[in-house]
Amino acid sequence: MLDLDVFRQSFADSVVSSLATLLLSQVADVSGWRSPAPYVVTRVTDAVRDDPTRRWTSTDLCEVAGVGARRLQTVFREHLGTSPLAFVTTTRLERAHRLLRQGAPEATVTQVALDCGFSHLGRFSALFHGKYGVQPSAVLDEARRRRTRSCVQAVGGNATGGAIRPED
């Protein structure tokens, strides 16, 4: 069941992100008209979202896009306001945040970081804190507390382990 929920969320995020990219690419700039996001941006963003744990390099991204590094940088800045490698990092952080918020009982911050393509845990923690303002462990702890509360409520109990106290 958890895998289906992860798939649904991932699919929904991908659809929303693709639609947002499409809509943003249609916005006119101060000169009047701006072309839609080039195919190279779509190819790279799709490839990164399909395989976020891959150790993407600039060379890899250029090969996917079919353009040189300078062109890829320029197109990404024009259409997404970021660099290709920053996009990779953001995609990984968003995935990690989503997994931590699910609060799966077997999840650990280390495993989530590794599963999202981060090999340096200190860097992951710093990047995560920079983006979300909290440590990854705090997100996981809060998700587990929410999950525990919802499980207790689902069985009709309370925080005392399900025992119902008689009224005085």
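What you see is a predicted model; the values in this text were computed from it and never measured.

> Quick question: what am I supposed to make of the packing of aromatic side chains here?
For any pair of aromatic rings, geometry is given as the distance between the ring centres together with the angle between the planes. Tallied over the full model, the rule gives four aromatic pairs. Between Phe128 and Tyr132, the aromatic rings sit 4.8 Å apart at their centres with planes inclined by 45°, giving tilted as the arrangement. Here Phe128 pairs with Tyr132, and both are found in helix α7 (residues 121-132), just four residues apart, close to one helical turn. Judged by relative accessible area, Phe128 falls into the buried class, the value being 0%. One aromatic cluster in this structure is built from Phe118, Phe124, Phe128 and Tyr132. The ring centre of Trp56 lies 4.1 Å from the NZ or CZ of Arg54, which sits over that ring.

> How should I be thinking about the pattern of salt bridges in this particular structure?
It is possible for side chains bearing opposite charge to pair when their charged atoms get close. Counting across every chain of the model gives two salt bridges. Between Asp60 and Arg54 there is a salt bridge, with its nearest N and O atoms 3.6 Å apart. Taking the relative accessible area as the measure of exposure, Asp60 reaches 16% and is therefore buried.

> So what exactly am I meant to see when it comes to the packing of helix α2 (residues 39-50) against helix α4 (residues 69-80) here?
Each pair of packed helices can be summarised by the angle the axes make with each other and by the distance between the axes. Viewed as axis vectors pointing N to C, α2 and α4 meet at an angle of 90°, and their least axial separation amounts to 10 Å. Taken as axis vectors, α2 and α4 run roughly perpendicular relative to one another. Contacts from Val40, Val41, Val44 and Thr45 of α2 reach α4 at Leu72, Val75, Phe76 and Leu80. Looking at the contact of α2 with α4, its residues break down into seven nonpolar, one polar and no charged.

> Is there a simple way to explain the confidence of the model for the protein chain in this structure?
The predicted coordinates should not be examined in detail at positions where pLDDT is low. Put simply, the protein chain has an average pLDDT of 82, and 70% of its residues get 70 or more. Highest mean pLDDT in the protein chain belongs to α7 (96); lowest belongs to helix α1 (residues 2-25) (65). This stretch, residues 28-32, has a pLDDT under 50; its non-local contacts, to residues over four places away or in other chains, come to one contact.

> What exactly am I supposed to notice about α7 here?
A turn of α-helix holds 3.6 residues, and therefore any two residues three or four places apart point the same way. Compared with an ideal rise of 1.5 Å per residue, which puts 12 residues at 16 Å, α7 spans 16 Å between its outermost C-alpha atoms and is within 8% of the ideal. Downstream of α7 by one or two residues, Gly133 has phi in the positive range, about 80°.

> How should the nonpolar core be read in this particular structure?
Nonpolar side chains in soluble globular proteins tend to end up buried together. Among the nonpolar cores identified, the biggest contains 15 residues, and Val44, Val48, Trp56, Leu61, Leu72 and Phe76 are the most heavily contacted of them. Among the elements of the structure, α2, α3 (58-65), α4 and α5 (84-102) are those that each provide at least two residues to this core. Top contributing element to this core by residue count: α2, with five residues. Sequence-distant contacts of Trp56, that is, excluding residues within four places in its chain, are made with Ala47, Val48, Asp51, Leu61, Val64, Leu85, Val88 and Arg92.

> I'm lost on the side chain of His97 in this one. Help?
Structurally, His97 is set in helix α5. Beyond its immediate stretch of four places on either side in the chain, His97 contacts Phe128, Tyr132 and Val139.

> Is there a simple way to explain α2 in this structure?
Under the 1.5 Å per step criterion, the end-to-end length of α2 is 16 Å for 12 residues, consistent within 8% with the ideal 16 Å. Listed as buried for α2 are Val40, Val41, Val44, Thr45, Ala47 and Val48. In a view along the axis of α2, the buried residues occupy a sector of 160°, so they form one face of it. The exposed residues of α2 that point more than 90 degrees off its buried face are Tyr39 and Asp50. For α2, the secondary structure elements touched by its buried residues are α3, α4 and α5.

About the criteria used
- Residues numbered from 1 in each chain as written.
- Predicted model: local features only at pLDDT ≥ 70, side-chain atom pairs only at ≥ 80, totals over all residues.
- Heavy atoms only, no water.
- Phe/Tyr/Trp six-rings, centres within 6.5 Å; stacked < 30°, edge-to-face > 60°.
- Helix = DSSP H or I, 4+ residues; strand = E, 2+ residues; numbered from the N terminus.
- Buried < 20%, exposed > 50% of the residue type's maximum accessible area, 1.4 Å probe, protein only.
- Lys NZ or Arg CZ within 6 Å of the ring centre and 35° of its normal.
- Salt bridge = Lys/Arg side-chain N within 4 Å of Asp/Glu carboxyl O.
- Axes fitted to C-alpha atoms, helices over the stretch in contact; angles between N-to-C directions.
- Parallel < 35°, antiparallel > 145°, perpendicular 65-115°, else oblique.
- Contact = heavy atoms within 4.5 Å.
- Nonpolar A, V, L, I, M, F, W, Y, C, P; charged D, E, K, R; others polar.
- pLDDT = per-residue confidence, 0-100.
- Expected span 1.5 Å × (residues − 1).
- Core = buried A, V, L, I, M, F, W, Y, C linked by side-chain atoms within 4.5 Å.
- Arc of directions from axis to C-beta.

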